[in-house]
Structure formats: structure tokens, C-alpha cells
Amino acid sequence: MESDGAQKNTNAVVAVSGVAPTPHTFPSNKWVKLNVGGKIYTTTIDTLVGREPDSMLARMFLQDGGMMPSERDEQGAYLIDRSARYFEPIINYLRHGEFVCDNHISLKGVLEEARFFGIYSLVTHLEERLGEQEQLDDRPLTRMDVIKAIIQTSAITELRFQGVNLAGADLRKLDFRNINFKYANMSRCNLSHTNLNYCCLERADLQYANLECAQLVSVRGLCANMEGANLRGCNFEDPTGVRTNLEGVNLKGACLESSNMAGVNLRVANLKNANMKNCNLRAAVLAGADLERCNLSGSDLQEANLRGANLKDAELTLMVTPLHMSQAIR
């Protein structure tokens, strides 16, 4: 049982040294200094409490706000151990209600500080803005984007589109020599009559892309996905003898009709149902390739390596040179 003199109000102010502390009060027009991460900001109480009265900053300076102000430095500024870099856009937002941020300042950094200080109207705005930015980042590059990148890059600097989303872009008749497209998404791109000599297309996605009459000399296309792509009339042969490397490439259902593929490395490639009519495949390496139902009619396979290749139901009529049995024996 509590005595009659016991205090039942848990919110009552407890006296210290016989003196009850009074709640801190600040006039709304009073100027205060904040030391945020070593940088001094001068502002008014009205700025800190007016727009976001439930924020941590407001509760520090509101009467009965539930928080006592922090300690002060030697100049009397209230110490706040946070990043000044990200605080500045926040204090400006509290001043005029508009979010303004320099390009070199991370929006994610400002968002984390806004969450810490409880500026929830700004948190909502930044979350929406970052969401829109992520959607733009996922947008495929356009022809104009690519041309700008080429123009702005020095001729002696390596240009990389590694892992870039170029899906569906119209890139026909452009000069892409020596550019790195490793892991790039180039599905359904129009690359007809494009110069891709000496490019890296390793593991790039070129599904159903149009590469008709493209130059693909000495391309490095290890394990690229070219399923259903149009490569009609392309040139792969390097006059210096360097092989185009398409080892492990997926050319299932692709059209390579009338292409010059002399010396190309197509080891263990998937060429199921591919159209390779009238191709020049002299000295090409097709060892272990899957050529099931591939149309090779009218092609030149002289000195081509077909050891271990799957030729089930492949069309081999009207060959330019007879296919020798030793070419297809392990």
C-alpha cells in the first residue's frame, strides 16, 4: 500500500537540491547556433520548430518538447554529432520548404539524416525522388546517349559499355571498334551495318538482335547469347589470321546465311536450327558444337574442325567442298 503522501503522477517533475527545474523555453524569434559535425549554422527557433514540430530538432527547443538541448561548445553553439554535408540541405528545407541539393551530394545520405532528425515530410519526398531516379537508371540507353559517350571519349581512352542496358536501341551504321560490351544487354538492338571489329561481346545478351552485314572481325564473344539473332552477310574473317572467338556462344535459331566465318572458333557452340546456308566456314573450329537441324547447305567447310560435333538431321547438301569423314571423327 502506498502512503497518502506518495506521488502517483509519474510525470511529475522531481526536485533536485530542493529546487524544481523549470521547462526550457525559447522565444520563436530567438536566434540559435548549431554546431553540426564541426560546422556552425545560425538559424531561428521558428525555423527549427515551425515546419516539423514533431522532429527531434523541434523537440530540443520546444517547451515541454521532451528533450533537453545538447551540450554547447565554447562559442555557445549546440553540439550535434552528425554530418554537416548532409545537414545543410535539411536546414535549408526547414527554412523555405523547398528541397535544393547540389549534384555532388548524395540523396541517400540526406535521406538518412532526415530520418535521424525526424523530418518526415522530407523523408517522403526523398524516397519518391530516389525511386524515380532508380527507374531512370534502369532505362535502356538510346542512340543519342551512345553517340554522346563516343564523342566525349578520347580516341586513346578505352570506352566501356560493360553491363550497360542497350536493349532495343537503334545503333545501326555506328563505329564500335574496340569497345567493351561484356555482359551488356543488347537484346533486340538494331546493329545492322555496324562496325564491331575487335569488340568484346563476352557473355553479352544479343538475343534477336539485328546484326545484318555487321563487321565482326576478331570479336571476343565467349558464351554470348545470340539466340534468334540476324547475322546474315556478316564478316568475321581477320586478314591477319586472328580468329574470332565465339566459343560456347548460343546461336540457336540464328540466321548466319552468306556470312564469311572463315577461321571462326565456334567450339561447343549451340547452333541448333541455325541457318548457315552459303557460309564460308573454311578452317572454322566447330568441335563439339551442336549442329542439330542446322542448315549448312552450300557452305564451304574445307579444313573445318567438326570433331565431336552433333550433326543430327543437319542439312549438308550442295556443299562447296565434300565433307571428309576425318573432319567429324573424334
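Criteria and cut-off values
- Residues numbered from 1 in each chain as written.
- Predicted model: local features only at pLDDT ≥ 70, side-chain atom pairs only at ≥ 80, totals over all residues.
- Heavy atoms only, no water.
- Salt bridge = Lys/Arg side-chain N within 4 Å of Asp/Glu carboxyl O.
- Helix = DSSP H or I, 4+ residues; strand = E, 2+ residues; numbered from the N terminus.
- Buried < 20%, exposed > 50% of the residue type's maximum accessible area, 1.4 Å probe, protein only.
- Pairing = 2+ DSSP bridges.
- Axes fitted to C-alpha atoms, helices over the stretch in contact; angles between N-to-C directions.
- pLDDT = per-residue confidence, 0-100.
- Contact = heavy atoms within 4.5 Å.
- Core = buried A, V, L, I, M, F, W, Y, C linked by side-chain atoms within 4.5 Å.

Caption draft 1: Local environment of the pattern of salt bridges. Per the counting criterion, the structure on display carries 15 salt bridges. Notably, a salt bridge pairs E88 with K39, separated by 2.9 Å at the nearest N-O pair. Within this pair, whereas E88 is found in helix α3 (residues 84-96), its partner K39 is found in strand β2 (residues 39-44), the two being separated by 49 residues in sequence. You can call E88 partly exposed: its relative accessible area is 32%.

Caption draft 2: Spotlight on the sheet that holds strand β1 (residues 31-36). What the three strands build is an open sheet, ordered β2-β1-β3; its pairing is mixed. In this open sheet, the two strands that pair with only one neighbour each are β2 and β3 (78-80). Here the average twist between neighbouring strands, direction ignored, is 30°. Pairing analysis gives six bridges linking β1 to β2, with the strands arranged antiparallel.

Caption draft 3: View of the confidence of the model for the protein. Model confidence for the protein is summarised by a mean pLDDT of 86, while 85% of its residues fall at 70 or above. Below a pLDDT of 50 lies the segment residues 1-23, which in the model reaches seven contacts outside its immediate sequence neighbourhood of four places, other chains included.

Caption draft 4: Up close: the nonpolar core. Ranked by size, the top nonpolar core spans 55 residues in total, and within it F181, L211, L231, L266, L271 and M276 carry the most contacts. One finds V32, V36, I45 and L126 within the second-largest nonpolar core, a separate group that totals 33 residues.

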